[in-house]
Amino acid sequence: VKVLPDDADPMDIRYNTINWVHRSTRGWSYGAAVVDPRTGEIIKGNVSLGSLRVRQDYLIAQGLLAPFENGLPTDNKMLKMALERLKQLSAHEVGHTLGLMHNYAASTINRSSVMDYPHPAAYINASGNIDISNAYDDKIGAWDKMSINWGYAEFAQGVNEKEALNNILYNAYKNGLRYL
């Protein structure tokens, strides 16, 4: 990821962009693509991330932890969790620009996709406190890798494409991956 040059226009088709949009009210983050209607080829990816998302996730962490002394936060765990969610959300929206759809089963299968809408993973540690140190995962998962392989694989001449694509899905199912 690089910051666009000062003279670049984010609407210029030569640049895939991730835009940080400041909002004072709830807005949606999204990932979209400009697609050639003749071929389906993705020409440009465009992600828009709403700034209010960080505040919402900070407040979720605050509700889970309530880590205050004298009205001030006692550590940076709330901010860390909110930023982890922003990384996960960025990966999710970039997934949309590549053509990936939501997979609502992924969070139940070892975080197999960034394309789910995950809740923060919170655990009670040995001290009896809520632990959110691994609340979100921003890495692509097994479902994401399979989906990209299914959508973008190029097969050697003579390979039955329909059969090869079905085998990709069969192997995903055999390995415990599910889609909802």
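This text goes with the structure placed above it.
All values reported here derive from a predicted model rather than from experimental measurement.

Reading the values: rules and limits
- Here the residue numbering is sequential within each chain, running from 1 through the sequence in written order.
- Owing to the predicted nature of the model, reporting of local features is limited to residues with pLDDT of at least 70; listing and counting of side-chain atom pairs is limited to 80 or more, with chain, interface and lining totals taken over all residues.
- Processing note: side-chain calculations cover all non-hydrogen atoms of the structure and skip hydrogens and water entirely.
- Following DSSP output, two strands are said to pair if at least two bridges run between them.
- The helix and strand labels rest on DSSP assignments: H or I over at least four residues marks a helix, E over at least two residues marks a strand, and numbering proceeds from the N terminus.
- Two rings from Phe, Tyr or Trp (for Trp, the six-membered ring) form a pair when their centres are within 6.5 Å of each other. A pair whose planes differ by under 30 degrees is stacked, one over 60 is edge-to-face, and the rest are tilted.
- Each residue's exposure class comes from its accessible area (1.4 Å probe, protein chains only) as a fraction of the maximum for that residue type: buried when under 20%, exposed when over 50%, partly exposed otherwise.
- By definition here, charges over rings are those cases where NZ of Lys or CZ of Arg is within 6 Å of the ring centre and within 35 degrees of the ring normal.
- Helices are assigned an expected span. That span is 1.5 Å times one less than the residue count.

Visitor: Which residues make up the pairing of strand S2 (residues 30-35), and what are the values?
Guide: The two faces of a sheet get side chains in turn, since along a regular strand they alternate between them. As judged from the six bridges shared by S2 and strand S3 (residues 42-50), these two strands associate in the antiparallel manner. Paired with Val-34 across the strands is Lys-44, a residue of S3. Linking two consecutive strands that pair antiparallel, namely S2 and S3, is a turn of six residues; a positive phi of about 80° is found at Gly-40 within it.

Visitor: How would you summarise the packing of aromatic side chains if you had to cite specific residues and measurements?
Guide: Centre-to-centre distance and the angle between the planes together describe a pair of aromatic rings. Here the structure, examined in full by the defined rule, presents two aromatic pairs. Between Tyr-104 and Tyr-117 the ring centres are 5.9 Å apart and the planes differ by 35°, which places this aromatic pair in the tilted class. Of the two residues, Tyr-104 sits in the loop between helix H2 (77-97) and strand S6 (123-124) while Tyr-117 sits in the loop between H2 and S6, which places them 13 residues apart along the sequence. Classification of Tyr-117 by relative accessible area gives partly exposed; the value is 48%. Between Trp-143 and Tyr-179, the aromatic rings sit 5.5 Å apart at their centres with planes inclined by 20°, giving stacked as the arrangement. Of this pair, Trp-143 sits in helix H3 (residues 142-152) while Tyr-179 sits in the segment after helix H4 (161-174); the two residues are 36 residues apart in sequence, bridging distant segments of the chain. The exposure class assigned to Tyr-179 is partly exposed, which follows from its relative accessible area of 48%. In this structure, Arg-178 packs its charged tip against the face of Tyr-173, placed 3.7 Å from the ring centre.

Visitor: Could you give me a rundown of helix H1 (residues 52-65), with the residues and numbers involved?
Guide: Residues spaced three or four apart along an α-helix face the same direction, because each turn holds 3.6 residues. Along its 14 residues, H1 runs 20 Å from first to last C-alpha, staying within 8% of the 20 Å computed at 1.5 Å per residue. Buried residues of H1: Leu-52, Arg-53, Val-54, Asp-57, Ala-61 and Leu-65, and no others. Just past H1, the residue Ala-66 takes up positive phi, approximately 45°.

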